[in-house]
Amino acid sequence: MRRCTLAIVTLLAAGCTGLPRASHDWNPLGWPAKAFAFVGEAGANSGWPLVRETGRLLGAVAELAEAPALAVEGLVTLDAGRLGGAAQQLAIGTGSTLTATWNVPFFVMPGGNVDLARDVDLVNQALAVLEQMPSRVWRIDEHDPRTAIFPPGTRARADGQNLIYTVPGHGEVLQAAEANQAWNLLQWTFDTDFPAQERSWGFVVRSVARWDAMRPRQRTATILHELYHQHMQMRQWLLGWTAIYWPAYQITFPFTGWSGHWAEMAGPHAAGVVDRALAGWQLR
């Protein structure tokens, strides 16, 4: 038992890569999770605000519901990977469900959907550039242990106005974007003009018109910067616990600013590596 527990902890500490995220199709304990996931994805892709937020909640519940199915499979087959996957889905699903539940009442705040799909070719071009670039070019400092920004082979496809990334070892990740009046008001109040702010499902912008007016290169870099926040920080590093991410972000930001912030431009988990790597990128 001690060896099994150690194996699970070790697998989770490795960044949750390569662990099963879904139970076997023939396992009836996993069927409710797959049903939630199917309905949730359809809702999350909807342009209707309340339906969209409800879909995200069902998607999070689906992740949580996979935990017992994976645990039973792991116990029956004595598969440490499936037991690790069960622990992973329990952590991610719990954190994601709490976040999604909190977000549902705020469906009245978003504006229109942002069309990310039109930039899918540029996103894939940029991902290929990131893969080919030596880590010494983009790493924050000598203490940055990362050898890749995203897992090699990460690519996107269009799905309505959204993007779905296939991330080797991590599964599929849906990224959406919306205009948000609260974010717009916050920017106006503090006289700032950041292009976007991350969310567990993607990101928000000030308005669709402002986003559309950005140069394609800037939109692409912003999409991948926000994907790093969404997936590599929130989901992989913090296992879906944005309830930890946002207080840690907001409390430290006034003391560090954007350029010195651990989530943005400083430290071994900073999303700023995307900006550094694409600084000299020229569109083909």
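Quantities reported herein were computed from a predicted structural model and do not represent experimental measurements.

Caption draft 1: Representation of the overall build of the chain in the model. Secondary structure summary: the chain contains eleven helices and six strands in total. Its C-alpha atoms give the chain a radius of gyration of 19 Å, near enough to 19 Å, the size a compact globule of 284 residues would have. C-alpha extents for the chain along the principal axes are approximately 55 × 45 × 40 Å. When each of the 284 residues of the chain is scored for burial, the buried share is 45%. Expressed as a percentage of contacts within the chain between residues at least 6 apart in sequence, the contacts between residues at least 24 apart total 68%. For the chain, the accessible area works out to roughly 13,900 Å², and carbon and sulfur atoms hold 66% of it.

Caption draft 2: Quick peek at the pairing of strand S2 (residues 155–159). Of the strand pairs in this sheet, S2 and strand S3 (residues 162–167) are connected by five bridges, and their pairing is antiparallel. Residue Arg 155 lies in a different strand from S3, and its bridge partner there is Thr 166. Where S2 folds back onto S3 in an antiparallel hairpin, the turn is made up of two residues, including Gly 160, whose phi is positive at roughly 65 degrees.

Caption draft 3: Main features of the packing of aromatic side chains. Scanning all chains against the criterion turns up nine aromatic pairs. On the basis of an interplanar angle of 70 degrees and a centroid distance of 5.7 Å, the ring pair of Trp 237 and Trp 262 is categorised as edge-to-face. Of this pair, Trp 237 sits in helix H9 (residues 216–237) while Trp 262 is found in the loop between helix H10 (242–256) and helix H11 (272–278), placing the two residues 25 residues apart along the sequence. Residue Trp 237 is classed as partly exposed on the basis of its relative accessible area, which comes to 37%. Measuring from ring centre to ring centre gives 5.1 Å for Tyr 245 and Trp 246, while their planes differ by 85 degrees; the resulting arrangement is edge-to-face. With a relative accessible area of 0%, Tyr 245 lands in the buried category. Following the ring pairs from residue to residue traces out a cluster consisting of Trp 237, Tyr 245, Trp 246, Tyr 249, Phe 253 and Trp 262. Lying across the ring of Trp 201, Arg 56 places its NZ or CZ 3.8 Å from the centre.

Caption draft 4: Spotlight on the nonpolar core. In this structure, Ile 149, Phe 150, Tyr 165, Leu 224 and Leu 278 are the most contacted members of the largest nonpolar core, which totals 38 residues. Ignoring anything within four residues of it in the chain, the contact list for Phe 150 reads Leu 127, Leu 130, Leu 224, Leu 227, Tyr 228, Met 232 and Val 274.

Caption draft 5: Representation of unusual backbone geometry in the model. Even without a glycine there, the phi angle at Leu 78 is positive, about 55 degrees. By the secondary structure assignment, Leu 78 is in the loop between helix H3 (49–77) and helix H4 (80–103). For Leu 78, a relative accessible area of 75% gives the class exposed. Not every positive phi belongs to a glycine, and Leu 239 is a case in point at roughly 55 degrees. Structurally, the position occupied by Leu 239 is in the loop between H9 and H10.

Caption draft 6: Up close: helix H5 (residues 120–132). When the terminal C-alpha atoms of H5 are compared, their 19 Å separation across 13 residues agrees well with the 18 Å that a helix rising 1.5 Å per residue should span. In terms of burial, H5 is largely enclosed, as ten of its 13 residues are buried. Along H5, the residues classified as buried are Val 120, Leu 122, Val 123, Asn 124, Gln 125, Ala 126, Leu 127, Ala 128, Val 129 and Leu 130. Close packing links the buried residues of H5 with S2, S3, H9 and H11.

Caption draft 7: Broad picture of the pairing of strand S6 (residues 202–205). Pairing of strand S4 (residues 171–180) with S6, which is carried by four bridges, proceeds in the parallel orientation. Within the sheet, the bridge partner assigned to Ala 176 lies in S6 and is Gly 202. Taken together, strand S5 (residues 197–199) and the strand that follows it, S6, pair antiparallel across an intervening segment of two residues.

Cut-offs used in this document
Starting afresh in each chain, residues are numbered from 1 along the sequence in its written order. Restriction of local features to residues with pLDDT of at least 70 applies here, the model being predicted, together with a cutoff of 80 or more for giving and counting side-chain atom pairs; totals for whole chains, interfaces and linings are based on all residues. Side-chain calculation: all heavy atoms of the structure are included, whereas hydrogens and water are not. A run of DSSP states H or I qualifies as a helix once it reaches four residues; a run of E qualifies as a strand once it reaches two. Both are numbered from the N-terminal end. The quantity called the radius of gyration is restricted to C-alpha atoms. Its globule counterpart is 2.2 Å times the number of residues to the power 0.38. Only protein chains enter the calculation, and the probe is 1.4 Å; a residue is then buried if its accessible area is under 20% of its type maximum, exposed if over 50%, and partly exposed in between. Whether two residues touch is decided by their heavy atoms; if any such pair falls within 4.5 Å, the residues are in contact. Only the protein chains shown count as cover for residues, and all accessible areas are computed by the Shrake-Rupley method using a 1.4 Å probe. When DSSP finds two or more bridges between a pair of strands, those strands are recorded as paired. Any pair of Phe, Tyr and Trp rings, taking the six-membered ring for Trp, is counted once the centres come within 6.5 Å. Such a pair is stacked with planes under 30 degrees apart, edge-to-face with planes over 60 apart, and tilted for the rest. In this scheme, the term charge over a ring applies when either NZ of a lysine or CZ of an arginine sits within 6 Å of the ring centre and within 35 degrees of the ring normal. Working definition of a nonpolar core: buried Ala, Val, Leu, Ile, Met, Phe, Trp, Tyr and Cys residues. They are joined through side-chain atoms within 4.5 Å. Expected helix span is taken as 1.5 Å per residue step, with the number of steps being one fewer than the number of residues.

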